[in-house]
Amino acid sequence: GASAGEGRVSTQSTGKQFYTDADLTIGAKVNVWGREVTICDMDEFTAHHFKCKFNVDVPAPIVYKMSEEMKQEREIPPYNGWGSEEDSKANCLKLIAQAPKRDFIKFMKKDRQGLESHVLRYLARMDTNRPIDIDRTFIISFFLSDGTISVFEPEKRNSGIVHGKFIERSRLNKKDGGYYEAEDLFVGAVVNFRSHQFIITDADEYAKTYAENHKFPEADFERIMEVVASTVSDEKMSEEFTDLTEVGIEPFMEFLEMTCQEKLSQHAIMVIARVYGVPLHPKITYDLVLRLSKEQLSKVDFDRYDELLLALTQALEDVDNGLLEPSEVYRVCIATKLPLKTDLLTSLIQQCPKTEGRVDCQKLVASLKSKEGTEENVDFIPTSKFAKPDKTASGWFGVTEGAHKGPVHAIRINEFKEDLVKIRHEISLRKP
């Protein structure tokens, strides 16, 4: 046999120096370096060895595994705030801790791609009556790539509160179990992040559009309209809004909140306003756009008007009439590096007087060169965002994203009523 240093086990109960194969049978208790071990079972080869050598039948195996009834459910200790919750939980599940697995495919699909940030941002305030916390505002960011949430508090001068990171980016638990998902965040929602209760008061344009495009429950336009159609009757609508083509946004929202009560959230009512809203934008006229253009050119001391006119003239097919297609005017202005922003330049070409749908180049340059009307300062608010011109299309200016995407001051109530009638009819057809 081998020496004790090579793995021999000394015996204390039998008086022998070493255990032999005769001692290692089922039910035998073996003292291994001060610890008593019971042999519970053996393989077929060992059983055959005992039968051949000792001419004994092997006893029945001893049941050593714990039954399902006796098993105790593993209790996970509460999260203590150190590190991420997934990492802390992984330390409790295995003896050798392993990093939690992440959804790499989701990360690749929902990570930032160019201008597509895949981050939903919301404005929130604390749900509290404490005077010091009532006016505090927070920015909640939901990262679609991994479902994590961060909370940031913007700086507010003379508030006496340190601004900056309020909650580290991590996955946050809901009270009823599970993690907060993108669908749980909407305008009017009350969320609880690590014992801090917030009320979401607004969302950025990307978050609103993303929720509508992916039909989140509180931004699903079809579902919202069906709720309104089944709750608000025609008589009630006619009684509240009689012979009106437009109604103010505040009376309309108050009416829906009162009639639909808890069936519609603030976000759902906002979706209706975005679809049927009348945009809160000043009327864009040629004089307004021309003044703004001249103001921008004067700020950068632009004086290459002769060069601009020469480039426009060279692009003319018929030099005698001096008329040029709007798309060509846009192309030449970009080529000569006219220092105007794209939306302002596009609005200028769209609003300027035209003859047979074409621009008089000399009059346009002369209007820009003139010093009249540059004294007034006007803030420019474009009614829509314009894309680059399509030379093959007749109307290359029509590239609006929808008037409902910006602030609204009224609702087109007639269109809203007509759509409700259609939806009620569709609901009645679906009933058996």
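Residues numbered from 1 in each chain as written. Predicted model: local features only at pLDDT ≥ 70, side-chain atom pairs only at ≥ 80, totals over all residues. Heavy atoms only, no water.

**Let's talk about the nonpolar core**
For the record, the criterion: Nonpolar cores are built from buried Ala, Val, Leu, Ile, Met, Phe, Trp, Tyr and Cys residues. Side-chain atoms within 4.5 Å join them into one set. Between buried and exposed lies partly exposed: a residue is buried under 20% and exposed over 50% of the maximum accessible area for its type, with that area taken using a 1.4 Å probe on protein chains only. Numbering of helices and strands runs from the N terminus, with a helix taken as a DSSP run of H or I at least four residues long and a strand as a DSSP run of E at least two residues long. When checking whether two residues touch, look at their non-hydrogen atoms; a contact exists if any pair is within 4.5 Å.
By size, the foremost hydrophobic cluster in this structure holds 56 residues, and its most contacted members are I140, F193 and F416. It is helix α9 (residues 266-276) that contributes the most residues to this core, seven residues altogether. Among residues more than four places away in sequence, those in contact with F416 are M225, V228, M237, F252, I272 and Y276. Formed by 31 residues, the second largest nonpolar core is a distinct cluster that contains L292, L308, A315 and C352.

**With respect to the sheet that holds strand β4 (residues 137-143)**
Stated formally: DSSP bridges decide pairing: two strands pair if at least two such bridges lie between them. Note on definitions: angles span 0 to 180 degrees between N-to-C directions of axes, and those axes are lines fitted to C-alpha atoms, for helices only across the stretch in contact.
The strand order β6-β5-β4-β3-β8-β7 describes an open sheet built from six strands, whose pairing is antiparallel. The strands lining the two open edges of the sheet, one partner per strand, are β6 (164-170) and β7 (190-193). With direction set aside, neighbouring strand axes in the sheet form an average angle of 30°. Note: β7 against strand β8 (residues 196-203), four bridges, orientation antiparallel. Paired with N192 across the bridge in β8 is Q197.

**Things to note about the sheet that holds strand β10 (residues 277-279)**
Hydrogen bonding along the main chain pairs the strands of a sheet, whether they run parallel or antiparallel. The three strands lie next to each other as β9-β14-β10, forming an open sheet whose pairing is antiparallel. Every interior strand has two partners, whereas the edge strands, β9 (246-248) and β10, have only one. Shown here is a sheet whose adjacent strand axes are inclined to one another by a mean of 40°, direction ignored.

**Examining unusual backbone geometry**
A positive phi is found at R194, a non-glycine position, where the angle reads about 50°. By the element assignment, R194 lies in the loop between β7 and β8. By relative accessible area, R194 is classed as partly exposed at 35%. Positioned with a positive phi, K215 is a non-glycine residue whose angle comes to about 50°. Tracing the chain through its elements places K215 in the loop between α5 (205-213) and α6 (221-231).

**So, helix α14 (residues 361-369)**
Applied cut-off: Each C-beta atom gives one direction from the helix axis, and the arc is the one those directions make. What qualifies as a polar contact is a pair of N or O atoms within 3.5 Å, subject to a donor-acceptor requirement within protein and to the restriction that residues adjacent in sequence count only when both atoms come from side chains.
Those residues of α14 lying buried are C361, L364, V365 and L368. Considered in projection along α14, the buried side chains sweep an arc of 95° and stay on one side of the axis. Turned more than 90 degrees away from the buried face of α14, the exposed residues are Q362 and K363. Its buried side turned inward, α14 meets α10 (286-299), α11 (305-314), β11 (323-324), α12 (326-335), α13 (342-351) and β13 (358-360). With a side-chain oxygen lying 3.3 Å from the backbone nitrogen of Q362, the N-terminal cap of α14 falls on D360.

**What about the pattern of salt bridges?**
Heads up, the rule is: Salt bridge criterion: a side-chain nitrogen from Lys or Arg within 4 Å of a carboxyl oxygen from Asp or Glu.
Counting across every chain of the model gives 22 salt bridges. In this structure, the salt-bridge partner of R136 is E153, at a minimum N-O distance of 2.8 Å. In this pair, R136 is assigned in the loop between α4 (131-134) and β4 and E153 in strand β5 (residues 148-153), connecting sequence segments 17 residues apart. According to the relative accessible area criterion, E153 is buried, its value standing at 6%. For R304, the salt bridge identified is with E307, shortest N-O distance 3.5 Å. Put simply, R130, D133, R136 and E153 are held in one network by salt bridges that share partners.

**As for the side chain of R136**
For R136, a relative accessible area of 13% gives the class buried. Engagement of the side chain of R136 in a polar contact is seen with the side chain of D133, the distance being 2.9 Å. Each residue touching R136, except ones within four places of it in the same chain, is listed here: A124, R125, M126, E153, I161 and F166.

**Some points on a nonpolar patch on the surface**
Quick note on the threshold: Candidates for patches are residues over 30% relative accessible area with no salt bridge; among them, like charges are joined within 9 Å and nonpolar side chains (Val, Leu, Ile, Met, Phe, Trp, Tyr) within 5 Å. Accessible surface is estimated by sampling points in the Shrake-Rupley manner with a 1.4 Å probe; for residues, cover comes only from the protein chains shown.
On the surface, V32, W33 and V37 cluster together into a nonpolar patch covering about 300 Å² of accessible area. Relative to the helices and strands, V37 is located in strand β2 (residues 35-38). Take V37: its relative accessible area is 41%, and that puts it in the partly exposed class.

**Re the confidence of the model for the protein**
Basically, it comes down to this: A score from 0 to 100, pLDDT tells how confident the predictor is in each residue.
Counting all residues, the mean pLDDT for the protein is 81, and 86% of those residues have values of 70 or more. Across residues 1-7, where pLDDT falls below 50, the model places three contacts with residues more than four positions away in sequence or in other chains.

**So, the pairing of β5**
Of all six residues in β5, five are buried, a share of seventy percent or more. Summarising the sheet, β4 and β5 pair through five bridges and their orientation is antiparallel. Residue S141 lies in a different strand from β5, and its bridge partner there is S150. What sits between the antiparallel neighbours β4 and β5 is a turn of four residues, in which G147 has the positive phi angle 75°. As paired elements, β5 and β6 share four bridges and run antiparallel to each other. Note that in β6 the partner of V151 across the bridge is I167.

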